[in-house]
Amino acid sequence: EQRRAADIIRLLMPYRPLLDAFIIDFFTDDLWAQLPPAWQPALATATPGQLAGLLGGCGGPGAAWPLSLLAFAAAARALAFPRGCPGGSPRPPCQSSHLHPLLRRHVKPKKQHEIQRLGKLLQRLSQATGCERVVDIGAGQGHLSRFLAFSLGLSVTAVESDSRLVGLAERFDKELLWELGKTRGLGHKRPPPRPLTPWAPQHVAGRLDPAAPWREFLLPPNPPGPGPTARNPLGGPGGSDDGGQVLVTGLHACGDLSPALLCHFARSPAVAAVALVGCCYMKLSTSPQPPGCPLGYPLSTSVAALPGHQLSYRAREAACHALEEYEGRLRRGSPHLRAHCYRAVLESLIRAADPAKRHLGLQPGRKAHALSFPQYAHLGLPLAGLDPAGIPLDTGPVEAMLEQQHKVVAFCTLGQLLAPVVETLILLDRLLYLREQGFYCALVPLFNPRFSPRNLVLVASRTPLATVLAGLDKDSEDGD
């Protein structure tokens, strides 16, 4: 794992300009010229299907593609953690037949897939550790907690910093209990795989303080909500000191929340095991924090000691991209591919009109790909405080930029190639941190990456994980 981290950094270092570039600067910063000269002719003539082959490692490359480009792509694919096989049809996930109908309410199909898969993993962790108490951090509306409690019979405490979401989760619990008491089974043609228990999760409004002693890890919500805040569930069952243990989980624990929970696990005997799925890597802290607060990245001494380990905001943001989705767009020749070019042309027009306006967070519409560029610009320019009537949109330079859409797509493809490599380095750092503390840990591609781009769950325990991970792929939701 240390060697893999070093190899990733060695691969990334020569391509920092590619990794750190914002695609909206494609024309203003002449990003195409920053590519290796030997790559430019091949990429300029590549079809979307050939770019998809470069991205996914299947399908023939373009004619006479440089060996250095092919080696770059092969190295990126080899160094990234396997994300699992998407499988099935490219349709969106459907309602899960593996969840009781009452647990599907208010839950989108993607989330149904995630809570069912993560719930089964936590059930295995519970059986392996003999611990039936789970603390769900960042529980939101409580969908995962509800499944763990009502369907799997675990004792669950759901912690959420937003008091409004806590109230919503409690309301959903009451609705489910009422329906459960009114009709058991609901008379469905296909009975659910397991009847529900009547034990709801406990919901706690609170935020976490990584710098606090582990028994004081939980703080009141900010801003505080109505009513008292429950005692710290991470210091033992119900906040007591009787030596009981809990399992800690976080489904897409954002930014520094994942590293904070890993550090809490490392220092707290009250936590038997953790199962975390991270997200929003661009929100990780990378500069010194107050004493007692861990860095978001790097977390391990192994990665911190490697020259060139630093990752820019843009690189960490790129690690959140959906590789499989972009590959699918390339193979289909999707009209969505023009969106990046439109935004890059718009950025060029904005910067020409007012150089002080740079990288504005413009949202001209979710269906920008369905518009002509003048229509798109007429929506986007006012958001930048500019009058479309004063900016010519049908000039030769604008047309010349729009005709380079294929180059923008090729440049994006190279960035997509590196995205899983950056994510792998971030997750390797967390894995090595746990190894340094002497824990058992593993990374598991748990969700279908076509629907859940952040699909790698980090599992760590004080006891071996062989029984937890054995045959885990057999629990997959075929067709869901």
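Thresholds, definitions, all that
Residues numbered from 1 in each chain as written. Predicted model: local features only at pLDDT ≥ 70, side-chain atom pairs only at ≥ 80, totals over all residues. Heavy atoms only, no water. Helix = DSSP H or I, 4+ residues; strand = E, 2+ residues; numbered from the N terminus. Contact = heavy atoms within 4.5 Å. Areas by Shrake-Rupley, 256 points an atom, 1.4 Å probe, with all protein chains shown as cover. pLDDT = per-residue confidence, 0-100. Buried < 20%, exposed > 50% of the residue type's maximum accessible area, 1.4 Å probe, protein only. Core = buried A, V, L, I, M, F, W, Y, C linked by side-chain atoms within 4.5 Å. Domains from an automatic or database assignment. 1 Å grid on protein atoms, 1.4 Å probe; cavity = no way out; pocket = protein on both sides within 12 Å on 5 of 7 lines; lining within 4 Å. Points joined across faces, edges and corners; volume = space filled by probe spheres on them. Nonpolar A, V, L, I, M, F, W, Y, C, P; charged D, E, K, R; others polar. Pairing = 2+ DSSP bridges. Axes fitted to C-alpha atoms, helices over the stretch in contact; angles between N-to-C directions. Right-handed = clockwise from strand over helix to strand, strands pointing away. Phe/Tyr/Trp six-rings, centres within 6.5 Å; stacked < 30°, edge-to-face > 60°. Left-handed = near helix turned anticlockwise from the far one by under 90°.

A. Expanded view of the overall build of the chain. For the chain, the count of helices and strands is 18 helices and nine strands. Considering only contacts within the chain whose residues lie at least 6 apart along the sequence, 73% involve residues at least 24 apart. A total of about 21,000 Å² of accessible surface is found on the chain, and carbon and sulfur atoms cover 56% of it.

B. Highlighting the confidence of the model for the chain. Taken over all residues, the pLDDT of the chain has a mean of 84, while the share at 70 or more is 85%. When pLDDT is averaged over each helix and strand of the chain, the minimum, 56, is found for strand E5 (residues 218-219) and the maximum, 96, for helix H1 (residues 2-12). Between residues 236-242, whose pLDDT stays under 50, and residues either more than four places distant or in other chains, the model counts 13 contacts.

C. Layout of helix H4 (residues 48-56). Where H4 is concerned, the buried positions are Leu51, Ala52, Gly53, Leu54 and Leu55. Residues of H4 that are buried make contact with helix H3 (40-44), helix H5 (67-79), helix H13 (323-332) and helix H17 (405-436). Residue Gly57 follows H4 closely and has a positive phi angle near 75 degrees.

D. The nonpolar core, seen in detail. In terms of nonpolar packing, the biggest core is built from 102 residues, with Leu12, Phe26, Leu43, Phe72, Phe373, Leu414 and Leu434 touching the most fellow members. Looking at this core element by element, the count peaks at 18 residues for H17. In this structure, this core is formed jointly by two domains, domain 1 (1-84 + 325-417) and domain 2 (99-234 + 244-320 + 438-474), each of which donates at least three residues. Membership of the second largest hydrophobic core comes to 37 residues, among which are Ala149, Val156, Ala272 and Val468.

E. Region of interest: the layout of surface pockets. Of the volumes computed, that of the largest pocket is approximately 1,600 Å³. Lining the largest pocket we find 42 residues, and of these Glu317, His321, Arg329, His340 and Gln363 sit closest to its centre. Those elements giving two or more residues to the lining of the largest pocket turn out to be helix H2 (16-20), helix H12 (313-318), H13, helix H14 (339-353) and H17. For the lining of the largest pocket, the per-class residue count stands at 21 nonpolar, 12 polar and nine charged. Here the lining of the largest pocket spans two domains, and each of domain 1 (1-84 + 325-417) and domain 2 (99-234 + 244-320 + 438-474) adds at least three residues to it.

F. Structural view of unusual backbone geometry. A cis amide bond links Tyr297 with the next residue in sequence, Pro298, at an omega value of -5 degrees. Its place among the elements puts Pro298 in the loop between strand E7 (271-279) and helix H11 (301-304). In this structure, His106 is a non-glycine residue whose phi angle is positive, near 65 degrees. Along the chain, the position of His106 falls in the loop between helix H6 (101-104) and helix H7 (109-129). The phi dihedral of His252 falls on the positive side, at around 60 degrees, and the residue is not glycine. Of note, His252 is situated in strand E6 (residues 246-254). His252 gets classed as buried once you look at its relative accessible area, which sits at 18%.

G. Looking closely at the sheet that holds strand E9 (residues 456-461). In spatial order, the strands read E3-E2-E1-E6-E7-E9-E8; together these seven strands make up an open sheet with mixed pairing. In the strand order of this sheet, the two ends are held by strand E3 (202-205) and strand E8 (440-445), each with one partner. Strand-to-strand twist in this sheet, taken as the mean axis angle between neighbours without regard to direction, amounts to 15 degrees. In this fold helix H8 (residues 143-151) packs onto strand E1 (133-137), strand E2 (155-160) and E6, with an angle of close to 170 degrees to the strand it touches most, E2.

H. Expanded view of the pairing of E7. Taking burial as the measure, the nine residues of E7 include nine buried ones, the bulk of the element. Bridge count between E6 and E7: eight bridges; the pairing is parallel. When the sheet's bridge partners are listed, Ala253 is paired in E7 with Gly278. Handedness of the E6-helix H10 (residues 257-267)-E7 crossover: right-handed. One ladder, built from four bridges, connects E7 with E9; its direction is antiparallel. Paired with Ala273 across the two strands is Ser461, which belongs to E9.

I. Representation of the packing of aromatic side chains within the structure. Under the defined criterion, the tally for this structure stands at 10 aromatic pairs. For the ring pair Tyr15 and Trp39, a centre distance of 5.7 Å and an interplane angle of 25 degrees mean the geometry is stacked. Highlighted residues: Tyr15 in the loop between H1 and H2 and Trp39 in the loop between H2 and H3, separated in sequence by 24 residues. The same class applies to Tyr15 and to Trp39, which are both buried.

J. A look at empty space enclosed by the protein. Following the criterion strictly, the structure yields two cavities of 30 Å³ or more and no others. Approximately 70 Å³ is the volume attributed to the largest cavity. Considering the residues around the largest cavity, the lining is formed by Leu102, Leu103, Arg105, His106, Val107, His143, Arg146, Phe172, Glu175 and Leu176. Of all the secondary-structure elements, those providing two or more residues to the lining of the largest cavity are H6, H8 and helix H9 (163-182). At three residues, H9 tops the list of elements feeding residues into the lining of the largest cavity. Taken together, the residues of the lining of the largest cavity sort by class into five nonpolar, two polar and three charged. Every residue lining the second largest cavity is listed: Ser258, Leu262, Leu276, Val277, Gly278, Leu427, Arg430, Leu456 and Leu458. Listing elements by their share of the lining of the second largest cavity, those giving two or more residues are H10, E7, H17 and E9.

K. Structural detail: the packing of H8 against H9. Axis separation between H8 and H9 bottoms out at 10 Å; the angle between their running directions is 35 degrees. Read as a crossing pair, H8 and H9 show a hand that is right-handed. Counted together, His143, Arg146 and Phe150 of H8 and Ala169, Phe172, Asp173, Leu176 and Leu177 of H9 form the full contact between these two elements. Classifying every residue of the contact of H8 with H9 by side-chain character gives five nonpolar, one polar and two charged.

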